[in-house]
Amino acid sequence: MSTTPVPHPHDVTEPPVYPRGTVRALLDTDHVTPATRAALRARLADDPGAAAPRALDADAYAVLRAACARLVPQPDRGTPDGDPPVDVAAMIDARLADGPGDGWRYAVLPADAEAYRRGLAALDAHARATFGAPFAALDGAARDAALGAAQRGAVGDDPLGVPGWAGGPAARWFEELLAEACECYYSHPLAQEEIGYAGMADVPAWRALGLDVVDPREPRPVEPRPLGAAARG
């Protein structure tokens, strides 16, 4: 057991963030390669919620959207004065449809798209059996409980008719889902702006390599603030 003292919540500050629009402004400079600029602009141009699923059917896609909303909550996005939410579920579905990935998978899992179909079906079946409602219709606490069951491999066998899903495969699939949701979210310029990341502006190379120093082209973050305080400027 760790003996490291746990800081009081009031003593914790959120990491520095860039002022709204600074990462997007960097994309218009020659500090970013054309290929990187095109990829990031395409993500900015996506219309959240508008894309029809291409790899998953409507039922599985609804479960995926509901799961992503709990794994990567974005409570301050989508407001009239705020940025749109990052559509993590659409990004995962696009990956499954188009095939780019990290090049490996656990031996206990089938190919990525099939693993998602089985995992989402098992998660939804667990929700119906445990809470009497589809996963997408559950409140936040019940969704979290169902996702926790998937994380522990404690969901039932794949209801699509392939036995042996409960246990190791279910837990490994959840691990894949969580990792992919995080990868997709933080590959988006809005999330990079949120965490103060300008690594895409690497054409001139980085010269300020010490602690607490920044290159001239790097945006200056706003001051750290108490955890949970009002957000982006």
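Report follows, based on the coordinates. Every value quoted in this text rests on a predicted model; they were computed, and no experiment measured them.

Attention shifts here to the layout of surface pockets. In this structure, the largest pocket encloses a volume near 500 Å³. Along the walls of the largest pocket sit 27 residues, with Arg43, Asp46, Ala90, Met91 and Ala94 positioned nearest its centre. Elements with a minimum of two residues in the lining of the largest pocket: α2 (34-45) and α4 (88-98). Per element, the largest residue contribution to the lining of the largest pocket is 6 residues, and it comes from α4. Partitioned by chemical class, the residues of the lining of the largest pocket number 17 nonpolar, 2 polar and 8 charged.

By size, the foremost hydrophobic cluster in this structure holds 45 residues, and its most contacted members are Leu64, Ile92, Tyr116, Phe135 and Trp173. Going through the elements one at a time, α3 (58-71), α4, α5 (112-131), α6 (140-151), α7 (168-186) and α8 (189-195) are the ones with two or more residues in this core. Here Leu64 is in contact with Leu56, Ala89, Ile92, Tyr116, Leu120 and Leu177, once residues within four sequence places are set aside.

One can describe the packing of α3 onto α5 by two numbers: an axis separation of 9 Å at closest approach and a directional angle of 75°. Taken together, the axis directions place α3 and α5 in an arrangement best described as roughly perpendicular. Residues Ala60, Val63 and Leu64 of α3 lie in contact with α5, whose contacting residues are Tyr116, Leu120, Leu123 and Asp124.

Note on placement: Gln192 falls in helix α8. Since its relative accessible area comes to 6%, Gln192 is described here as buried. Those residues in contact with Gln192 that sit more than four places away from it in its chain are Val23, Leu40, Tyr186, Ser187, Tyr197 and Met200.

Another point: the side chain of Glu180. Inspection of the secondary structure puts Glu180 in helix α7. Taking relative accessible area as the criterion, Glu180 reaches 12% and is therefore assigned buried. Within the local environment of Glu180, its side chain forms a polar contact with the side chain of Arg95, the two groups lying 3.1 Å apart. When near neighbours in sequence (up to four residues on either side) are disregarded, Glu180 contacts Ile92, Arg95 and Tyr116.

Take the packing of aromatic side chains next. This model, assessed by the stated rule, comprises 3 aromatic pairs. Seen from their ring centres, Trp104 and Tyr106 are 5.1 Å apart, and the 80° between their planes marks the pair as edge-to-face. Trp104 sits in the partly exposed class, given a relative accessible area of 43%. Positioned over the ring face of Tyr106 is Arg172, at 4.2 Å from the centre of the ring.

Moving on: a nonpolar patch on the surface. A cluster of nonpolar side chains, Tyr186, Ile195 and Tyr197, forms an exposed patch at the surface whose accessible area comes to about 280 Å². Topologically, Ile195 is positioned in helix α8. On the basis of relative accessible area, Ile195 is assigned to the partly exposed category, the value being 37%.

Conventions we followed
- Residues numbered from 1 in each chain as written.
- Predicted model: local features only at pLDDT ≥ 70, side-chain atom pairs only at ≥ 80, totals over all residues.
- Heavy atoms only, no water.
- 1 Å grid on protein atoms, 1.4 Å probe; cavity = no way out; pocket = protein on both sides within 12 Å on 5 of 7 lines; lining within 4 Å.
- Points joined across faces, edges and corners; volume = space filled by probe spheres on them.
- Helix = DSSP H or I, 4+ residues; strand = E, 2+ residues; numbered from the N terminus.
- Nonpolar A, V, L, I, M, F, W, Y, C, P; charged D, E, K, R; others polar.
- Core = buried A, V, L, I, M, F, W, Y, C linked by side-chain atoms within 4.5 Å.
- Buried < 20%, exposed > 50% of the residue type's maximum accessible area, 1.4 Å probe, protein only.
- Contact = heavy atoms within 4.5 Å.
- Axes fitted to C-alpha atoms, helices over the stretch in contact; angles between N-to-C directions.
- Parallel < 35°, antiparallel > 145°, perpendicular 65-115°, else oblique.
- Polar contact = N/O pair within 3.5 Å; in protein donor to acceptor, adjacent residues only side chain to side chain.
- Phe/Tyr/Trp six-rings, centres within 6.5 Å; stacked < 30°, edge-to-face > 60°.
- Lys NZ or Arg CZ within 6 Å of the ring centre and 35° of its normal.
- Patch = residues over 30% accessible without salt bridge, like charges linked within 9 Å, V, L, I, M, F, W, Y side chains within 5 Å.
- Areas by Shrake-Rupley, 256 points an atom, 1.4 Å probe, with all protein chains shown as cover.
- Salt bridge = Lys/Arg side-chain N within 4 Å of Asp/Glu carboxyl O.

Such coordinate-based values are descriptive only and should not be taken to indicate function.
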